Amino acid sequence: MGYEYALVHLTYTIPPALLLSLIYWPLSTRLDFYRIAFLITIAVGSTIPWDSYLIRTNIWSYPPNVVLGWTLFGIPVEEVFFFVIQTYNTSLLYLLLNKPVLGAVYLVKEKPGRSKWKYVKLSGSIALALAIKKGIEFVRLAGDRTYLGLIIVWAGPFLFLLWNLAYQFLVNLPFTSTVLPIAIPTLYLWIVDTLALQRGTWVIESGTKTGLHLWPGGLEVEEALFFLLTNCLIVFGLVAFDNAIAILHTFPSHFPKVPELPNPVLLVKALLIPAATYDDDRILGLQQCCARLRAKSRSFYLASSAFQGRLRIDLVILYSFCRVADDLIDNAESSAEAREWVGKLKQYLDHCYGGAVKTKDGREISARDPNQGPATQWVMGQFPPDAQLTLLLLPTERLAKEPLYELLKGFEMDLSFSSASGSVGGPIKSEQDLDTYGARVAGTVALLCIQLVMFLYPGNKSMDEGKRLMKAGHDMGIALQYTNIARDLEVDAKNKRVYVPPGWLKKEKLTPESFVSGILKTSAVKGLVSDQDSFFLKKVGVVRGRLLDRAFAFYEESKSAIEELPPEARAPMRVAVESYMQIGRELRRPGYKMKGGRATVPVGKRLWVGWRALLGPR
């Protein structure tokens, strides 16, 4: 009896497990626990027979003085625990690296016939089949390549199966999602195993190994291959699991309802759906939505990774719709063209909420029928290609129409700004006007987000409780818009727009015109500023501070309602809000960082704020 092998765990495997658990715990979900338990069960169940055979045939052994003596099918409990802890650690690292990834965008519809994916799948299958064949040959020879052959024969069939189920994901996912969670644990375990072999914690029979080493006097190639393949098995299994989850959540036409924890039969059913039947437009539309958010709304894109399943997909589509509408109007060459886009968006909503239409032969066609629906035909005929799929994916059946029409009224308020004859005019004449503007362009979006949450996770909220949550979400949106205005004073000045009420400016002895000209002048100055400019910047600071005070007043009144949301959305919504409000906190700090005329939150701080928000309310 000894403690050497147990000390290996205490020294090398348990500390990383504790560290990864601490980091990932706020991000974890029930699906994550299910995923890890699923993988550990398969890993232990598939490894025990193989490991037991190796011990019984003396291919490897454990000196009695280094193990506790308790066994399972002849395998020391420390070794059984190794199967568990390795799977756990690699799984957590994979989950951590994959949290920002939206699986839906890595699905691919395969065209019938000679699709490149047919050859990708076939090439991988042939390579793995040849490796398995070579492994069988090594085992039959019963010489110094026996252990090498047994490793390949054991791992090869599992890798072959997983490759054929999830080859698209294995090829398409980012390097950080597949290679890194294999490479990092493998390199670490190579070092651990080298130390363990040198100390004699476990021994490989000399007649069954090649004697080759990965590095001089270090790790034997068989052990190196074992840890590489076991980590490949873990990651391949996780990728296949996530591939199935992506299919379940992306295609409601195939799977109208998906349980929170899909059973193995449903997962396999999803993986066996032919890729030729995937909805190509939905995949491409989601790819466009994600690309748009990564480019234009990094804070929301980061926060969206905390949401799960179909809620995350719907929120990404909703926010992308807002960006599409905003871009169409902002990028118009004239005010008249911008108003035309608002009109076209209104007409699109009219079609979506107008109900089914009847054809000449009396058939009813849904307004959003993908082929003949009036909403579909309007979008395809009136909007640019890069906007069409986002509009068609907008889940109007789960959203009330009033907030969407109010959002368009907010865009119309933006269009009422005028820079004719060098003047600065606009719709904001009072604090109440600013509240109305914030409600229309941001409160509506927050309200729509809450509607999606309540639709997908209805719970047992009463109508009054639901209305109160909607009101709080609406007010939180106003808080975020005040923060946005405080951040964008310089950008708005360049566009001859002032969202600050004239009464606020008057208190600082400023007019909209002098406010814009002063910001443009001081923003162009590099280095030291004059006393006059310094005095003006202090006035800007007062105005910005007042905007932030208003933002945080709305925030404080509304933030407690987040804790009344369904558990599945509570922490992610906290992340979305806190990530944006951190911009306001940065603006209150002297010397905040600027990028493109806007205050920014450093990436490290954004991650910290998001992680802290997941732990609980501030």
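Residues numbered from 1 in each chain as written. Predicted model: local features only at pLDDT ≥ 70, side-chain atom pairs only at ≥ 80, totals over all residues. Heavy atoms only, no water.

Asker: Can you help me understand the overall build of the chain in this one?
Answerer: Within the chain, the secondary structure is distributed over 23 helices and eight strands. Its C-alpha atoms give the chain principal-axis dimensions of roughly 90 × 75 × 45 Å. The buried share of the chain, taken over its 618 residues, is 53%. By sequence separation, contacts in the chain at least 24 residues apart represent 75% of the contacts at least 6 residues apart. Averaging the locations of the 69 positively and 56 negatively charged side chains of the chain gives two centres separated by 3 Å. (Helix = DSSP H or I, 4+ residues; strand = E, 2+ residues; numbered from the N terminus. Buried < 20%, exposed > 50% of the residue type's maximum accessible area, 1.4 Å probe, protein only. Contact = heavy atoms within 4.5 Å. Lys, Arg positive; Asp, Glu negative; His and termini not counted. Charge placed at Lys NZ, Arg CZ, Asp CG, Glu CD.)

Asker: I keep staring at the pattern of salt bridges and nothing clicks. Help me out?
Answerer: Note that side chains of opposite charge can pair when their charged atoms are close. With the rule as written, the count across this model stands at 28 salt bridges. In this structure, K99 and D32 form a salt bridge, with 3.9 Å as the shortest nitrogen-oxygen distance. With K99 in the loop between α3 (77-98) and α4 (116-141) and D32 in helix α2 (residues 30-56), this residue pair connects regions lying 67 residues apart in the sequence. The pair K99 / D32 is uniform in exposure class, with both members buried. Salt-bridge contacts for R323 lead to D327; the nearest nitrogen and oxygen are separated by 3.6 Å. Placement of the pair is R323 and D327 together in helix α11 (residues 309-330), with a separation of four residues, close to one helical turn. Counted as one network, the salt bridges with shared partners bring together D32, R35, K99 and D242. (Salt bridge = Lys/Arg side-chain N within 4 Å of Asp/Glu carboxyl O.)

Asker: Help me out: how do you make sense of helix α14 (residues 385-393) in this one?
Answerer: Given 3.6 residues per turn, any residue in an α-helix points the same way as the ones three and four places further on. Considered for burial, the residues of α14 that qualify are A387, Q388, L389, T390, L391 and L393. Check the buried side of α14 and you find it contacts α9 (280-296), α11, α12 (335-353) and α13 (374-382).

Asker: Sorry, what's going on with the environment of T483 here?
Answerer: Structurally, the position occupied by T483 is in helix α17 (residues 463-487). The spacing of T483 and I234 is 249 residues in sequence and 44 Å in space, taken between C-alpha atoms. Beyond its immediate stretch of four places on either side in the chain, T483 contacts A551, Y580, M581, I583, G584 and L587.

Asker: Just to check I follow, could you spell out a nonpolar patch on the surface for this structure?
Answerer: Among the surface-exposed residues, M1, Y3, L7 and L10 lie close enough to one another that they form a single nonpolar patch of about 480 Å² accessible area. Position of L7 among the secondary structure elements: in helix α1 (residues 4-24). Judged by relative accessible area, L7 falls into the partly exposed class, the value being 44%. (Patch = residues over 30% accessible without salt bridge, like charges linked within 9 Å, V, L, I, M, F, W, Y side chains within 5 Å. Areas by Shrake-Rupley, 256 points an atom, 1.4 Å probe, with all protein chains shown as cover.)

Asker: Is there a simple way to explain the side chain of K344 in this structure?
Answerer: Among the secondary structure elements, K344 is positioned in helix α12. Excluding residues that lie within four positions of it along the chain, K344 makes contacts with W378, Q382 and F383.

Asker: Explanation requested: unusual backbone geometry in the structure shown.
Answerer: Phi is positive for F73, which is not a glycine, with a value near 55°. Structurally, F73 can be placed in the loop between β2 (71-72) and β3 (75-76). Within the chain, K509 stands out as a residue other than glycine whose phi angle is a positive 60°. Relative to the helices and strands, K509 is located in the loop between α19 (502-507) and α20 (512-524). A relative accessible area of 73% means that K509 is categorised as exposed.

Asker: Would you take a moment to explain the nonpolar core for this structure?
Answerer: Within soluble globular proteins, side chains that are nonpolar generally end up buried alongside one another. In this structure, W50, F321, Y348, V500, F515 and L547 are the most contacted members of the largest nonpolar core, which totals 183 residues. The dominant element in this core, judged by the number of residues it contributes, is helix α7 (residues 221-250), at 18 residues. With residues up to four places along the chain from it excluded, the contact list for V500 reads I428, L489, L505, F515, V543 and L547. (Core = buried A, V, L, I, M, F, W, Y, C linked by side-chain atoms within 4.5 Å.)

Asker: What is the right way to look at the packing of aromatic side chains in this model?
Answerer: Aromatic ring pairs are defined here through the distance separating the ring centres and the angle between the ring planes. One pass over the full model with this rule turns up 17 aromatic pairs. Taking 4.6 Å as the distance between ring centres and 15° as the angle between the ring planes, the aromatic pair formed by W50 and W154 counts as stacked. Placement of W50 in helix α2 and of W154 in helix α5 (residues 146-172) is noted, with a sequence separation of 104 residues between them. On the basis of relative accessible area, W154 is assigned to the buried category, the value being 10%. One aromatic cluster in this structure is built from W50, F82, W154, F226 and F227. Cation over ring: K344 sits above W341, and NZ or CZ is 4.6 Å from the ring centre. (Phe/Tyr/Trp six-rings, centres within 6.5 Å; stacked < 30°, edge-to-face > 60°. Lys NZ or Arg CZ within 6 Å of the ring centre and 35° of its normal.)

Asker: Quick question: what am I supposed to make of the packing of α11 against helix α15 (residues 401-415) here?
Answerer: If you want to describe how two helices pack, look at the angle between their axes and the distance between the axes. Contact geometry for α11 and α15: axes closest at 11 Å, N-to-C directions at 30°. Considered as vectors, α11 and α15 are oriented roughly parallel to each other. Relative to α15, α11 is oriented so that their crossing is right-handed. Taking contact as the criterion, the partners of F321, C322, A325, D326 and I329 in α11 are, on α15, L404, L407, F411 and L415. (Axes fitted to C-alpha atoms, helices over the stretch in contact; angles between N-to-C directions. Parallel < 35°, antiparallel > 145°, perpendicular 65-115°, else oblique. Left-handed = near helix turned anticlockwise from the far one by under 90°.)

Asker: Would you take a moment to explain the state of the cysteines for this structure?
Answerer: Enumeration according to the criterion identifies zero disulfides in this entry. Between C289, a cysteine without a disulfide, and C290, which holds the nearest cysteine sulfur, the sulfur-to-sulfur distance is 6.8 Å. For the unlinked cysteine C449, the closest cysteine sulfur is that of C322, found at 7.8 Å. Of the residues examined, C449 reaches a relative accessible area of 10% and is grouped as buried. (Disulfide = S-S within 2.5 Å.)

Asker: I would appreciate a short explanation of the packing of α3 against α7 in the present structure.
Answerer: Running from amino to carboxyl end, α3 crosses α7 at an angle of 55°, the nearest separation of the two axes being 10 Å. Between α3 and α7, the angle falls in the class oblique. Helix-helix and strand crossings are classified by hand; for α3 and α7 the assignment is right-handed. Contacts between α3 and α7 involve F82, Q86, T87, T90, S91 and Y94 from the former and F227, T230, N231, I234, V235, L238, V239 and D242 from the latter. Partitioning the contact of α3 with α7 into residue classes produces seven nonpolar, six polar and one charged. (Nonpolar A, V, L, I, M, F, W, Y, C, P; charged D, E, K, R; others polar.)

Asker: What is the right way to read the environment of H474 from this model?
Answerer: By the element assignment, H474 lies in helix α17. Residue classification places H474 among the partly exposed residues on the basis of a relative accessible area of 22%. Spatially, the C-alpha atom of H474 lies 27 Å from that of N495, the residues being 21 residues apart in sequence. Excluding its chain neighbours within four sequence positions, the residues that come into contact with H474 are A439, G443 and T444.

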